[in-house]
Each structure stands twice: as C-alpha cells, then as structure tokens.
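Structural features, examined
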Amino acid sequence: MTKTRLFDRNGWIAFLGVGLILIVGVPFLNILPSDSPAHLADYLVPLFGKYACYALLALALDLVWGYAGILSLGHGAFFALGGYAMGMYLMRQIGTRGVYQNPILPDFMVFLNWKELPWYWYGFDHFAFAALMIVLVPGVLAFVFGWLAFRSRVTGVYLSIITQALTYALWLAFFRNDMGFGGNNGMTDFKDLLGMPLQSGAMHRGLYIASVIALGLGFLVCRYVVTSKLGRLLLAVRDAQSRVRFLGYNVAHAQVFVFTLSAVLAGIAGALYVPQVGIINPSEFSPANSIEIAIWVAVGGRGTLVGAAIGAVAINFAKTYLTGSVPEAWLYFLGAIFILVTLVFPKGIVGLAGEWRGVHRRPPAENLADEKVAP
Amino acid sequence: MIRRLRPILVALVALTFAGPMAFAAADDAKLSASVQQLGADDFDAKIAAVGELAATPDPRVVKILKALEGGELYVAKDKKVVRAEPDGDSFTIFEPLGGEKIGTATSDDIDQIVVNNRVRGVIDAALGALNLFSGRRADRLAAALDLVKHPSAASVPALQKAMAAETDSEIRQDMTLALAGARLNSPDKKAQLDAIAELAGSTDPAIFNVLSALRDSPDLDPEVRKADEHAIGAISQRLQLVRIGMTLFEGLSLGSILLLAAIGLSITFGVMGVINMAHGEMIMLGAYATYVVQQIFVGYLPPGWLDVYLVASLPVAFLVTGALGIALERSVIRFLYARPLETLLATWGVSLILQQLVRTIFGAPNKAVANPSWMTGGFELIGGAFITYNRLAILVFCFVVLGVLGLVLKRTSFGLHMRAVTQNRDMAAAMGIPTARIDALTFGLGSGIAGMAGVALSQIGNVSPNLGTIYIVDSFMVVVFGGVGSLFGTLAGAMSLGIVNKLLEPVSGAVLGKVVVLIAIILFIQRRPRGLFALRGRAAEN
Amino acid sequence: MTTKAKLGAFAFTVALAASAWGPAQAEDTIKVGVLHSLSGTMAISETTLKDTILMMVADINSKGGLLGKKVEAVVVDPASNWPLFAEKAAELLEKDKVAAVFGCWTSVSRKSVLPVFAKDNGLLFYPVQYEGEESQKGVFYTGAAPNQQAIPAVEYLMSKEGGSAKRWVLEGTDYVYPRTTNKILRAFLHLKGVSDADIMENYTPFGFSDWQTEVAAIKKFASAGKKTAVVSTINGDANVPFYKELANEGIKATDIPVVAFSVGEEELSGMDTKNLVGHLAAWNYFESVKTPQNTAFIKQWHAFIKNDKRTTNDPMEAHYIGFKMWTQAVLQAGTTDVDAVRQAMIGQRVRNLTGSWAEMLPNHHLTKPVLIGEIRPDGQFNVVWKTPKPVPGEAWASKYLAEDKGKVANWEFPWVCESCTSPTYKTYE
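Here's what I pulled together on the structure shown here. (Residues numbered from 1 in each chain as written. Chains lettered and ligands numbered in written order. Predicted model: local features only at pLDDT ≥ 70, side-chain atom pairs only at ≥ 80, totals over all residues.)

A short note on the overall build of chain A
- Looking only at helices and strands, chain A features 14 helices and two strands.
- The C-alpha atoms of chain A give a radius of gyration of 21 Å, which matches the 21 Å a tight globule of 375 residues would have.
- Summarising its shape, the C-alpha atoms of chain A cover approximately 60 × 55 × 40 Å along the three principal directions.
- Within the span of chain A, comprising 375 residues, buried residues form 55% of the whole. (Helix = DSSP H or I, 4+ residues; strand = E, 2+ residues; numbered from the N terminus. Rg over C-alpha atoms; globule rule 2.2 N^0.38 Å. Buried ≥ 20, exposed ≤ 12 C-beta atoms within 10 Å, placed from the backbone.)

Shown next, in the form of structure tokens:
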C-alpha cells in the first residue's frame with residue numbers, strides 16, 4: 001500500500017458492480033408478480049435492508065478496531081442513539097393518529113400524564129433537524145467520551161470496558177419511563193416517513209436502497225480514511241502507540257477523530273434501521289448487542305472493511321435462518337461457529353478467501369501487540 | 001380484625017393458664033365439635049372454632065392448630081375432619097385429635113381445609129399466646145417480641161403471669177418492654193410516664209410508632225406529651241444511626257456479592273488476560289450443581305441431612321466447573337494466548353453453548369434452590385437493624401474464599417509458579433516450570449471459584465440459564481475498576497461499588513443510582529487509566 | 001494448520017449449518033405459527049407456552065385434525081429480541097403462510113409485531129395478562145385485562161376477608177404493564193377514599209436482584225399503624241430475589257400480604273415457598289382448582305411433557321382456550337381464511353379449566369373468572385376467593401382513567417373500531 005487511492009481499477013469495477021446488483025436486483029425481484037418463481041417475498045426486503053444497516057455498523061466498528069486498535073464494546077450505543085433520533089422524528093409524525101389522538105404528545109407521554117413536550121423533543125417534527133441529530137448526538141457523545149479517554153491514554157481492555165460501561169449506563173437510563181423515551185417499550189407504531197406511509201412496498205424498497213447506498217458511501221469514507229496518511233498513522237498507533245507518540249504525533253487527536261467518525265456512521269446505520277424494523281427500544285443498548293457487533297467483525301475478518309460487512313451479513317443471515325429452522329438448537333450452531341472461526345480461521349471469512357486464492361499477502365491485522373492485556 | 005382479636009385471645013389464654021393447672025382433661029366431645037367446625041365452609045366459622053380451641057386448655061390444641069395452618073387437615077367424604085399425610089400418590093389419614101391411623105385415601109376422597117391470611121393470623125395469635133408458656137425458649141422469645149410490636153392492655157395479665165415464671169433475661173427484657181407498651185394508654189399518669197421512660201431506651205421502629213401514636217392522641221396530659229416527644233426524639237436519632245449502619249451493611253452485602261461474582265474473573269481475566277465471557281456461565285453451572293446436589297439429598301438421604309447440602313455443594317461445584325474450565329483451556333483458550341482479544345469471541349461462543357445446554361438438560365424455567373434452615377431468616381442486631389443470615393453467610397464466605405485464594409497465591413508452590421508464568425512465561429518455562437499445566441490449572445482455579453460463587457448466589461437469586469448474564473458485566477466492571485491483576489483491587493472495587501450504590505439508591509432510586517455509579521467508573525478510569533490498584537513496573541506497560 | 005485442513009474445517013462448518021435444513025413439508029397441512037422465545041431472558045416463561053401449543057396440536061391431530069387436514073406447528077425462536085419478533089412474525093405470515101400465530105409474552109414484543117399483523121392480515125393469539133389500552137383487529141387477547149386481575153385483587157384485600165388493608169405499596173418493574181396497572185389502581189383507590197399519603201409507588205429495573213433497600217422501605221411504610229398490603233407487578237426474574245428477601249426479613253403474609261399479578265405456579269416452582277405461605281396471587285386459573293376439565297388437562301400435560309412434576313399455569317390455560325376457540329371458529333367458518341375466522345371468533349364459547357365459560361367478546365377479549373389464591377407450602381395456590389361469575393374483559397379503563405372516558409373497542413358492525421366513542425357505520429334505516 002504505497003499509493004493513497006481508494007481502489008485500483010478492478011476494485012472500482014467490483015465495488016460498483018456489487019453495488020448495482022444490490023441496488024437494482026433486490027427491488028426488481030421484489031416487484032415481480034408474486035406468483036413468479038423469482039419473486040422475492042415482501043418481508044425479505046426490509047430484512048435485507050436490516051442486514052445492510054448491520055453491515056454499516058460493523059464497518060464503523062472495523063474502522064476503529066481493525067485499523068486503530070480501539071475495541072469498542074459500546075458501539076451499539078451510537079447505533080441506538082441514531083435510531084432513537086429517527087424514532088423521535090417518526091413518533092412526532094404520528095400526530096393525532098395515536099391511540100390517545102394527542103397532536104403533540106406521543107402516546108406514552110399522554111399515558112404518563114405529561115402535560116407538555118420535554119425540551120429535548122423540540123424540533124424533532126422536522127426531518128432536517130432529526131437528520132442533524134442522527135449525526136450530531138452520537139458524534140458529540142463519541143467526541144466527548146473519546147476526548148476524555150484518549151487524552152488520558154486509556155487503552156486496551158480498559159477502554160473496552162468503559163465503552164461497555166457507557167452503553168450499560170445508557171441501557172439502564174433508557175429503560176426508565178421517566179426519561180421520556182418510552183421506557184422498555186420504546187417507540188413503535190410508526191405511521192409514515194417524509195409524508196409517505198411506512199408500511200408499503202415502495203417505502204420498504206426505498207429504505208432498502210437508501211441503506212445500501214449508505215453502506216456503499218460508508219465503505220468509501222472508511223476506505224478513504226484507511227488509505228490516507230491518517231490511515232497509516234492509525235495503523236502505527238494500533239501497533240506501537242508509544243513509539244508514535246515519541247515521534248511527535250498527537251495520537252489522541254487521531255484516535256478521537258476516527259472514533260467520532262465511526263460513531264457517526266453507527267448512528268446513521270441506526271437511523272436507517274429503525275423504520276425498517278419498526279421499533280426502537282432500550283435493548284439495542286444492551287452490552288450483549290455491542291459484543292455481538294465485535295463478533296461480526298471478527299468472523300468476517302478484522303481490518304479488512306469488506307470482511308466486517310460480510311461478517312455482519314453472514315452471521316445475521318445464519319441467525320435468521322437458524323432461529324426458524326432449528327429454533328431449539330440454533331445457539332449450539334452459532335456458538336460452534338464462533339469458536340471454530342476463532343480457532344481455525346483467525347483472519348475470518350475474508351482471510352480464508354485470501355488463502356483459498358493462494359494469495360499470501362500480509363494482511364494489515366498482523367501485529368496486535370498493543371492489544372495485549374497487561375499480564 | 002386480627003388486631004382486635006389478638007388481645008382477646010391473649011386474655012383467654014391467660015385466663016386459662018391463670019387458673020389451677022390441675023384441670024381435668026378437656027371435654028373431648030366439645031373439643032371434637034370444635035375440630036369438626038374447622039371444616040366449615042366459611043372463614044368466620046373457622047375463626048370461631050379456632051377461638052374455641054385456643055380457649056381449651058389441652059396440649060392437643062397446639063397440634064391441631066399447627067396442622068390446620070400447615071394444611072394437613074382435610075374433610076373426608078363423610079364430612080368428617082381428618083388429618084392426612086401425603087404418601088406417594090395417595091394419603092394416609094389419621095384421627096385429628098387422637099392421632100390413630102384411620103386408613104388411606106386418594107386426593108379425590110378428601111378436600112383440604114383452606115385457611116386464608118385472616119384465619120392464619122388468628123391461629124398465629126393463639127399459638128403466640130400459648131407460646132408465652134411454651135417449653136422452648138425460641139417460642140417464648142418470638143411470642144414476647146410479637147407482643148412488643150403489638151402492645152395491648154389485654155395482654156398485661158398473661159404477660160405478668162409469664163414473667164413471673166420466666167428466667168431468661170433477654171425474654172424478660174422484651175416482656176418488660178411489652179408491658180410498658182401495654183401501659184402507655186393506661187389512665188394513670190404515673191404509669192404512663194414510667195412506661196415512656198422504659199420505652200425511650202429502645203430503638204425498635206415498632207415502639208417508635210407506638211409512641212408516635214400516643215403523641216397524636218388528642219387529649220394527652222401536657223407532661224406526658226412532653227416526655228413522649230422527648231422519647232420520640234431520642235429514638236428517632238438512634239434510628240437514624242441504625243439506618244446509616246444498615247445502609248453500610250447493605251452496601252457491604254451487595255459488595256460481597258459483586259466480589260464473589262468477580263473473584264473468579266479476576267483470575268481468568270485479571271491474571272491470565274483471557275476476556276472470559278463464559279465466566280458468568282461458570283457461576284450459573286455452580287448454581288445448577290447446587291440444585292443437583294440438593295435433589296440428590298432430597299431424593300436419597302434422610303431429611304435431617306438436608307441442612308448440610310449447601311456445604312456439600314461447594315466442593316462439587318468447584319470440581320465440576322474447575323474441570324470444565326481446564327477442559328476449556330486445553331481445547332480452546334490455549335491456542336489464543338497470543339491473541340487475547342479473540343478469547344472474547346471464542347468464550348462468547350462457549351457461553352452461548354453452555355446456556356443452551358443447560359436449557360436443554362434442565363429446561364428453561366427457574367429451578368428452586370432452598371435456603372437451608374441455618375440460612376433462613378435473620379436476627380435483630382439491635383432494634384430496627386435486621387440482618388438476614390443468608391447475606392451474612394455470603395459476606396463471610398466471600399472473605400474466606402478471598403483469604404484462601406490469597407494464601408494459595410502467596411504461600412504454595414502452585415501459586416508461585418502461577419505468578420511466575422503470568423509475569424514472564426518464557427523465563428518461567430526456562431526455569432523448568434510446566435507452563436502449559438500451570439495455565440490449565442490457573443484457568444481451572446478461576447472457573448472453580450466462579451462455580452463456588454454460583455453456590456452462594458443460588459441462595460439469594462434465580463437459578464436459571466440466564467443467571468450468568470446478570471453478573472458478567474458487573475464482574476468486568478469490578479475487576480477493571482479495581483485494577484486488572486490485583487486481587488486486593490478487586491476486593492476494594494467490589495466493596496466501594498457496593499457501598500456507593502447503596503448510598504445512592506435511597507436518594508436517586510435504584511436505576512439512576514447505578515447509572516451514576518457507571519458514569520463515575522468511566523470518569524474514574526480517565527483519572528486512573530489502570531484502575532484503583534494498578535500494577536506497576538514493566539509488566540504493566542504492555 | 002494447512003490451507004487444505006482449514007478448507008476442510010470450513011466445509012465442516014458449512015455442513016454443520018446445512019444439517020439444519022429440515023425436510024420440506026410436502027403434504028397439505030394447516031399451519032399455525034408459534035412465536036415464543038426459546039432462548040434469552042424470556043425463555044424462562046415462554047418455552048412452556050410453546051410446549052402447550054405443541055400439545056394442543058398433537059391432541060387435535062390425534063382426533064383426526066381440522067377440516068380433514070393435519071395441523072402443523074411452525075416453531076420459531078425470536079430469542080427475546082424485540083425486532084426479531086417482528087421479523088419472525090413476517091416470516092411466519094409471508095413465508096410459511098400460517099393460518100394463525102400463537103405467541104408473544106412481553107408487551108414490547110406484542111407492540112413490535114402489531115404492524116406486521118396489520119399489514120399481512122394475520123391472526124395473533126396473545127395469552128398473557130397485559131395492560132389493556134389496546135384492541136387490534138387481528139389480535140385476540142386471551143389473557144386478563146386489568147379489570148380481570150388487578151381491581152378484583154385489590155377489592156379482595158380491602159374486604160374484611162382479605163384483611164381490610166388501608167395502606168398500599170405498589171411495587172413494580174419499570175415498564176408499561178406495571179405503570180398502567182398502577183395508574184388504574186391509584187385511580188381506583190382514590191375512588192375508594194384512599195389518600196395519596198397512604199399509597200407508595202416504586203419501580204425497579206428488569207432483573208433487579210438487590211432488594212434490601214426496597215424491602216426495608218416497605219417495612220418502614222407498613223409500620224405506620226394501618227394495615228398495609230403490597231401489590232406487586234414485579235416481572236419474572238426479579239421475583240425470586242424479592243421473595244427471598246421478604247422471607248428472610250421475616251415479612252409474613254399475616255402482617256403485610258403481597259399480592260402478585262405475575263407470579264404463578266411456574267414461577268413458584270423456581271422458589272422455596274415454605275416461607276411465602278399466605279402471600280397472594282390473582283389469576284384467572286390455578287392448577288389446584290379441582291374440575292374434571294382441569295384434571296384431564298393436567299394429566300394430558302404431564303403425559304405430553306413426560307414429567308409429572310411440571311406445573312400448569314394461567315397463560316397455559318389462555319393458550320388452551322385460544323387454541324380451542326380458534327379450532328371452533330375454523331370449523332364454523334369451514335375455512336382457515338383469516339377474515340372468515342376472525343369474524344367467526346366473536347361469540348365463540350369454550351369451557352375454561354376452572355369450570356365456567358369463556359366467551360370471546362366483540363372487543364377481542366374474553367370473559368374470565370377472577371380467582372385469588374394464597375401460596376401453599378407445596379408451591380400451589382389455595383383459592384380463597386373468586387368472582388361469582390366470569391368478568392368481561394375491558395380493553396379500555398374507561399371507568400377509571402379520564403383519557404379513556406367513553407372509549408369503546410368493538411369489532412362488530414356497526415362499531416368496527418379499536419377505540420371510538422360512536423359507531424363507525426350508521427345502521428341502515
């Protein structure tokens with residue numbers, strides 16, 4: 001990697017080709033008449049859209065974990081915050097169609113006898129404001145958190161655990177009904193987005209396409225960062241933080257930047273996720289969810305970007321499939337896959353594919369000295 | 001209702017026992033009629049029957065009342081009240097008074113006599129009053145304490161009678177208090193003032209309430225009111241102190257639970273560096289081992305042995321989870337020492353499999369693990385400070401575990417080898433230490449301790465396949481907050497988190513309190529990036 | 001490891017996953033979906049309900065099936081994950097084309113699937129007592145509404161028989177069911193002349209395990225001289241440590257009775273009940289009720305699950321009633337077509353396991369008897385009180401809550417609405 005360019009020619013062709021197939025193919029198959037053998041069932045479109053959101057989330061984590069050596073066990077929090085911002089917008093769009101027909105207050109506030117909208121809900125009736133918040137809330141939180149953590153040189157497992165503490169704290173806080181975010185039930189019963197009904201085929205296809213485009217753009221952004229000079233600095237930070245610092249670089253700045261960027265990507269993924277699954281609730285903050293994201297990345301292949309996306313889709317597809325076909329044993333399969341992947345394919349699916357092609361390039365994720373836990 | 005009945009019953013009993021003890025055996029026919037009335041359909045009739053029985057000076061009454069409360073009395077097909085004991089699928093039935101065996105019956109032949117809380121309250125009051133004269137010290141103490149909490153003028157004769165015969169100083173003290181409480185509402189001012197002075201030395205919240213009720217009564221003598229207010233002030237001050245002490249104890253208790261859950265992790269994660277997500281499942285398996293041992297004791301050993309099942313579960317849980325830990329280390333973890341973060345992934349997989357395995361074997365619903373009798377209930381340290389035995393036992397147990405572990409690490413050659421391997425693996429190997437074996441044993445030790453924690457935690461919470469997931473995040477917080485690799489740090493971390501949590505809880509509520517604690521941990525790690533007790537030296541610098 | 005060996009291992013992994021493919025169902029069957037969590041936090045409660053439906057399906061097949069076809073249960077695992085509930089619901093309705101779905105436990109899982117059932121025109125049978133304030137076109141609520149559980153229980157505790165309670169602790173887990181129930185109860189208590197000073201309301205998070213502070217607070221509240229009762233809407237997991245703390249703190253039912261709405265036989269089987277004797281629960285069914293139907297049901301359950309120790313409980317009865325009603329409606333409609341069955345459902349009557357009749361009302365709720373039980377040492381309940389006749393379920397708490405005033409849920413002509421104050425259609429004159 002001597003040249004800082006996004007892809008070589010073949011890379012561009014592959015990227016655009018896959019993108020085109022995904023953007024055009026799925027909606028096309030879905031539009032086919034339902035008795036056609038090639039017809040894609042309606043429920044699969046939001047499902048694929050959901051996978052795309054997960055892939056974007058995994059990509060965001062791979063950027064900080066694979067390239068900067070920051071294993072965040074709290075990325076679910078940024079994802080959920082983006083989701084909540086979108087959920088608040090969707091709640092405000094319900095208007096008088098809610099159970100209690102209150103034009104201003106969402107149902108759960110009417111129920112808790114709230115008389116007026118809390119200040120932090122102001123503005124969420126405008127999509128532009130909500131869109132801004134989708135980016136801003138996770139971004140600012142990540143910036144403040146990262147600034148505190150990286151400036152004091154919190155690294156390795158300590159960092160992982162305090163990111164877990166972050167999502168755990170938010171998890172507990174959002175469960176509280178008094179917070180004004182709907183408590184355990186969160187937000188559901190959304191009606192429409194940008195004036196168009198949410199439960200329609202066209203909307204599902206549109207959201208799916210938006211998710212794939214977001215994934216593609218996210219991929220390009222990450223790719224741009226890791227192929228730039230900053231990307232190489234990050235690799236150096238990952239592998240030998242102290243040396244980089246001795247060389248005169250400001251390690252913390254680079255880390256804060258990439259952490260914030262990653263959180264913003266995660267927030268966007270969350271925002272696209274919510275209208276497709278139709279619910280946002282505090283369980284998205286649960287520490288287990290965040291650990292799972294790390295597992296997608298590891299299964300796909302850490303430090304490869306493509307691998308993260310592939311891992312997210314593969315694991316979630318396996319989950320969808322196994323919970324339906326072997327509902328009482330799927331955890332055995334999933335658990336066995338995790339163990340096998342770790343032991344046998346440490347470089348994940350992408351690493352395996354590389355070996356299969358007989359290409360023995362040295363992948364970027366080789367020297368992980370900095371992550372070693374203090375004995 | 002119960003409140004009103006209680007004094008009447010106590011008075012009845014007192015009258016009974018105040019009379020010459022040489023009464024003739026009670027009229028059996030009358031007694032049988034009362035027993036027969038227990039089988040009536042409505043609760044009022046049952047209560048009347050209990051009242052009649054309580055007033056009958058016959059030793060069989062206690063047995064009958066206990067049988068009624070224990071659900072052993074049934075109505076047979078011929079409407080006769082009998083006592084029945086389950087015997088497999090059928091019942092053996094007995095004469096309720098005499099105790100002679102009548103025969104057997106199936107569950108279709110007999111109907112249990114249902115008591116509700118109201119009847120139960122009346123039975124308790126009757127038994128309680130009878131207990132003032134019981135031969136067992138514990139019965140008398142409980143009866144006296146009950147009268148302290150529910151003072152009434154009607155109980156004075158019985159109390160005086162019982163006190164005259166009482167030799168135990170603690171019971172006498174309680175009886176004095178109860179008498180004072182009973183005299184509070186006496187029309188005699190002198191008696192009232194004496195009673196207040198007597199009660200002012202107590203810290204019991206019940207007495208606080210009794211005195212408060214007196215203060216609120218409308219036409220009170222000003223002098224008495226003044227004395228009363230003074231006494232209330234004194235008690236409430238002491239109660240506040242007691243409250244602070246109790247909060248500290250609650251904090252220590254929560255801390256001890258956190259500590260127990262985290263000790264095993266402080267070895268597998270803290271010492272060995274394995275991000276052991278299966279730690280929670282080791283705790284869970286320890287709890288299930290307890291359940292299995294309990295079932296074996298229930299099924300195969302005489303009932304008297306049941307109280308020691310918990311002690312027997314400790315080695316079982318340790319060995320089972322320890323062996324599993326060793327197997328896990330040999331089959332999975334040993335390949336991952338060079339890539340510690342990936343242990344997260346593999347152990348997460350192990351944790352999913354173990355959870356599902358337990359669900360397959362034992363089923364998804366919770367399992368009942370009983371507190372042995374010596375861990376049931378609690379004692380009143382001083383008035384208002386009630387310490388439960390299970391929490392006290394866990395507190396002691398966690399320190400014993402920590403102490404023994406400390407000794408193993410510092411005083412045995414295994415401990416020495418273990419420390420050597422974790423500090424410098426290559427050098428340790430060069431010195432001839434079998435590092436592979438030490439790794440396996442260390443991981444086994446950590447897992448085994450987690451299993452023993454499961455035994456203890458089964459005594460305060462659920463035994464379900466999800467048990468581990470409740471504790472895993474908190475355990476990591478404790479180990480990291482205390483400082484990875486430091487046992488003492490884990491102790492300090494657990495205790496301080498427990499106490500801070502409990503101090504915050506009354507102010508902010510349970511959830512916000514915990515959120516505040518988590519934010520505090522995050523900020524604390526910024527200040528001290530390696531926890532409370534950071535390891536120093538080269539080894540700590542990656 | 002060589003590349004070859006790795007490829008071998010990869011093939012093994014794939015084979016492992018592929019072995020999960022079941023044989024395709026070729027014969028013509030009527031499919032019903034079972035949407036209950038078999039893993040995760042809710043598996044504790046929901047697994048039993050999955051088994052109940054499998055038992056009912058086996059039972060009907062042994063009697064020759066339905067409309068001459070075998071009934072086939074399609075079981076999926078939504079894994080206590082709320083978005084996954086919606087995904088699996090869509091899969092059941094669109095891919096497996098099930099005729100009806102039996103499932104959900106938590107309110108949030110139900111809320112999560114509602115849009116799916118509305119969009120795909122599905123039928124959901126929801127078997128758990130819940131907070132009300134809802135009546136969806138495609139959902140039949142076979143568990144209790146608040147007026148079929150909470151209010152009778154409190155009335156009982158206020159009565160002389162229940163101990164004439166004057167002071168109330170409303171202790172719950174912080175989510176919508178306890179919040180709603182307590183809101184209705186507070187309004188009800190106000191109507192009965194209880195002042196706010198005599199009501200203590202407190203919420204704790206899910207899976208809460210350290211109850212020392214809360215139990216101490218209850219003790220303190222109760223020591224004020226008036227008879228105090230605790231109304232517990234504590235959910236699932238948190239109950240065991242709560243009751244253990246109560247028992248060890250020496251709180252007896254004769255002093256401070258605790259009535260719970262989420263603790264049944266199955267929950268008690270996971271607790272040591274010796275020290276809980278006398279605490280109460282309000283349900284529409286108890287295993288200890290002796291009726292021929294119930295005895296047969298328990299026998300059938302033990303034979304199906306191959307374990308004589310397993311208990312039955314209220315949500316199981318709800319599924320029993322729901323499944324029976326659905327089969328009756330299918331027979332009456334002569335088809336499994338959702339629209340026809342949904343209309344045929346209203347007015348169906350099934351004898352419930354405690355002997356009275358359950359009837360499906362136009363608001364998609366059932367008539368149910370309310371039973372108050374006291375915990376026995378053996379983990380069962382003694383029924384100490386029951387309503388003289390079944391109570392009709394009310395979707396809206398219009399008697400107690402201002403925002404529900406005048407609201408009607410009725411899916412029959414001319415109303416046809418979830419909540420309206422006048423009919424949607426005017427009758428033809």
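Regarding the interface of chain B and chain A
- On the side of chain A, 42 residues touch chain B, which itself brings 42 residues to the contact.
- The leading source of residues in the side of chain B that touches chain A is helix 14 (residues 340–362) of chain B, at 13 residues. (Contact = placed C-beta atoms within 7 Å.)

Details of the nonpolar core
- By size, the foremost hydrophobic cluster in this structure holds 349 residues, and its most contacted members are Leu-56, Leu-57, Ala-58, Leu-59, Ala-269 and Ala-294 of chain A together with Ala-89 of chain C.
- Per-element tally for this core: the top contributor is helix 2 (residues 44–66) of chain A, with 18 residues.
- Not counting chain neighbours up to four residues away, the residues in contact with Ala-269 of chain A comprise Cys-53, Leu-56, Leu-57, Ala-60, Phe-79 and Gly-82 of chain A.
- Residues Ala-54, Ile-113, Ala-126 and Val-156 of chain B belong to the second largest nonpolar core, which totals 61 residues. (Core = buried A, V, L, I, M, F, W, Y, C linked by C-beta atoms within 7 Å.)

With respect to the pairing of strand 7 (residues 199–204) of chain C
All names here are of chain C.
- As judged from the six bridges shared by strand 6 (residues 167–173) and strand 7, these two strands associate in the parallel manner. Among the inter-strand pairings, Leu-170 is bridged to a residue of strand 7, identified as Glu-201.
- Once the chain exits strand 6 it traverses helix 6 (residues 176–191) before rejoining the sheet at strand 7, and the crossover so formed is right-handed. (Pairing = 2+ DSSP bridges. Right-handed = clockwise from strand over helix to strand, strands pointing away.)

Some details on unusual backbone geometry
- At the junction of Phe-413 of chain C and Pro-414 of chain C, the peptide bond is cis and its omega measures out at 5° in the coordinates.
- In this fold, Pro-414 of chain C is placed in the loop between strand 17 (408–410) and strand 18 (417–420).
- Residue Gln-101 of chain A is not a glycine yet carries a positive backbone phi of 55°.
- Take Gln-101 of chain A: it is sitting in the loop between helix 3 (75–94) and helix 4 (107–111).

Re the sheet that holds strand 3 (residues 100–103) of chain C
Residue and element names in this part refer to chain C.
- A sheet is described by the order of its strands in space; here five strands give the open sequence 2-1-3-4-5, paired in parallel fashion. Here the strands that pair on one side only, and so sit at the sheet edges, are strand 2 (70–76) and strand 5 (139–141). Between one strand and the next, the sheet's axes are offset by a mean angle of 25°, whatever the strand orientation.
- Across three bridges, the pairing between strand 4 (residues 124–126) and strand 5 is parallel. Bridge pairing in strand 5 places Tyr-126 opposite Tyr-141.
- Helix 11 (residues 314–333) rests against strand 3, strand 4 and strand 5 of the sheet, and its axis sits at about 175° to strand 3. (Axes fitted to C-alpha atoms, helices over the stretch in contact; angles between N-to-C directions.)

Overview of the sheet that holds strand 8 (residues 228–233) of chain C
All names here are of chain C.
- With respect to topology, seven strands assemble into an open sheet ordered 7-6-8-9-10-14-15, the strand pairing being mixed. The sheet is open, and its two borders are formed by strand 7 and strand 15 (381–386), each paired with just one other strand. Averaged over neighbouring strand pairs, the angle between their axes works out to 25° when direction is ignored.
- Sheet topology note: the strand 10 (residues 280–283)/strand 14 (residues 371–375) ladder contains four bridges and is antiparallel. Each residue of the ladder has a partner; that of Ala-281, found in strand 14, is Gly-373.
- Along the sheet face, helix 6 touches strand 6, strand 7 and strand 8 and points at about 165° away from the line of strand 6.

Some thoughts on the packing of helix 1 (residues 9–31) of chain A against helix 7 (residues 201–227) of chain A
All names here are of chain A.
- Running from N to C, helix 1 and helix 7 point in directions that differ by 170°, and their axes come no closer than 10 Å. The angle between helix 1 and helix 7 places the two elements in the roughly antiparallel class. Contact residues: Gly-19, Leu-22, Ile-23, Val-26, Pro-27 and Asn-30 in helix 1; Arg-205, Tyr-208, Ile-209, Val-212 and Gly-216 in helix 7.
- Considering only residue class, the contact of helix 1 with helix 7 consists of seven nonpolar, three polar and one charged. (Parallel < 35°, antiparallel > 145°, perpendicular 65-115°, else oblique. Nonpolar A, V, L, I, M, F, W, Y, C, P; charged D, E, K, R; others polar.)

With respect to the interface of chain C and chain A
- With 44 residues of chain C at the contact, the number on the chain A side is 43 residues.
- It is helix 3 (residues 82–95) of chain C that contributes the most residues to the side of chain C that touches chain A, nine residues altogether.
- Taken together, the residues that form the side of chain C that touches chain A break down as 23 nonpolar, eight polar and 13 charged.

Here we look at helix 3 (residues 43–54) of chain B
Residues and elements named next belong to chain B.
- When the terminal C-alpha atoms of helix 3 are compared, their 16 Å separation across 12 residues agrees well with the 16 Å that a helix rising 1.5 Å per residue should span.
- Those residues of helix 3 lying buried are Lys-46, Ile-47, Ala-49, Val-50, Leu-53 and Ala-54. Take helix 3 and look down its axis: the buried residues cluster within an arc of 160°, on one side only. (Expected span 1.5 Å × (residues − 1). Arc of directions from axis to C-beta.)

Worth remembering: the numbers are spatial, not functional.
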